[in-house]
Structures are given as structure tokens and as C-alpha cells.
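Fold and contact review
Each chain, written out:
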Amino acid sequence: ILPVYACRHLKVPLLEYLRRAFLVPGLCGIPFLLTLFANRVVFAERPLLMLISGSLSGALVLGVLYWRFIVPADYREKILNRLRPGSSAKTTSR
């Protein structure tokens, strides 16, 4: 009930809200789960290696997917601008 009320109040289409809040993150979770499952199968006899490999590969998969599908374009641009060589924060002189 609350999401419906909030969407009406903010004039956000309910289906758009549901897509962005649940569908896209849920779909991003599928490759993450497959990555973790693959690590479990490959490193079944080595739990510590499974943990390390699963953590690193899972973070990489989620990081790439979230960067592409979850993080808004304007945030991506701000982050990239800060990471570019030669780009520094503007300072004001006194």
C-alpha cells in the first residue's frame, strides 16, 4: 500500500518503480548466483579457496552489473570525472 501511495504522490509510475526497485536488481542476482555456484563446484574440496574466489569473482560480477544497470548515469559520470587523471576538484581562491 505504501509504495502505491508514494508513487502516486511523487508521480512515479508504479510499474517503473517496481521494475527499477525489484526486477533489475533481481536479474542482476542471477549471474551472481551462477558465479557462486561455479565457485562451489570448482573448489568443492578447498573451502578457503572457494570463499576467496567466490568473494572476488562475485564482487566483480555484481560490481560490473550494478555499474551498468543500477547506478544512475549522472552518478557514473561524476565518479568517472573524479577518477580521470588531471581532473581535480575545483577550488576557490581567497
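You'll find the structure just up there.
Overview of the structure. (Residues numbered from 1 in each chain as written. Predicted model: local features only at pLDDT ≥ 70, side-chain atom pairs only at ≥ 80, totals over all residues. Heavy atoms only, no water.)

A closer look at the overall build of the protein
Secondary structure assignment for the protein yields 4 helices and 0 strands. When the elements of the protein are put in sequence order from the N terminus, they spell out α-α-α-α. Over its C-alpha trace the protein gives a radius of gyration of 20 Å, far above what one expects of a compact globule, namely 12 Å for 94 residues. In terms of overall dimensions, the protein has C-alpha extents of about 60 × 50 × 20 Å along its principal axes. Going through the 94 residues of the protein one by one, you find that 11% of them count as buried. A fraction of 37% describes how many contacts in the protein between residues 6 or more apart in sequence connect residues 24 or more apart. For the protein, the exposed surface amounts to about 8,200 Å²; the carbon and sulfur share of it is 68%. Between the mean site of the 13 positive side-chain charges and the mean site of the 4 negative ones, the protein shows a separation of 7 Å. (Helix = DSSP H or I, 4+ residues; strand = E, 2+ residues; numbered from the N terminus. Rg over C-alpha atoms; globule rule 2.2 N^0.38 Å. Buried < 20%, exposed > 50% of the residue type's maximum accessible area, 1.4 Å probe, protein only. Contact = heavy atoms within 4.5 Å. Areas by Shrake-Rupley, 256 points an atom, 1.4 Å probe, with all protein chains shown as cover. Lys, Arg positive; Asp, Glu negative; His and termini not counted. Charge placed at Lys NZ, Arg CZ, Asp CG, Glu CD.)

Remarks on the environment of Gly63
Relative to the elements of secondary structure, Gly63 occurs in helix 3 (residues 47-69). The exposure class assigned to Gly63 is partly exposed, which follows from its relative accessible area of 37%. Considered as a pair, Gly63 and Glu45 are 18 residues apart in the sequence and their alpha carbons are 27 Å apart.

Focus on helix 2 (residues 14-42)
Spanning 29 residues, helix 2 covers 42 Å between terminal C-alpha atoms, matching the ideal 42 Å at 1.5 Å per step. Along its length, helix 2 shows its largest kink, about 35°, at Arg20. For helix 2, the set of buried residues is Val24, Cys28, Gly29, Thr35 and Asn39. (Expected span 1.5 Å × (residues − 1). Bend = angle between axes of the 7 residues up to and from the residue.)

Quick look at helix 3
Along its 23 residues, helix 3 runs 31 Å from first to last C-alpha, staying within 8% of the 33 Å computed at 1.5 Å per residue. Burial in helix 3 covers these residues: Ser53, Gly54, Gly58 and Leu65. The secondary structure elements touched by the buried residues of helix 3 are helix 2.

Nothing here speaks to function; it is all geometry.
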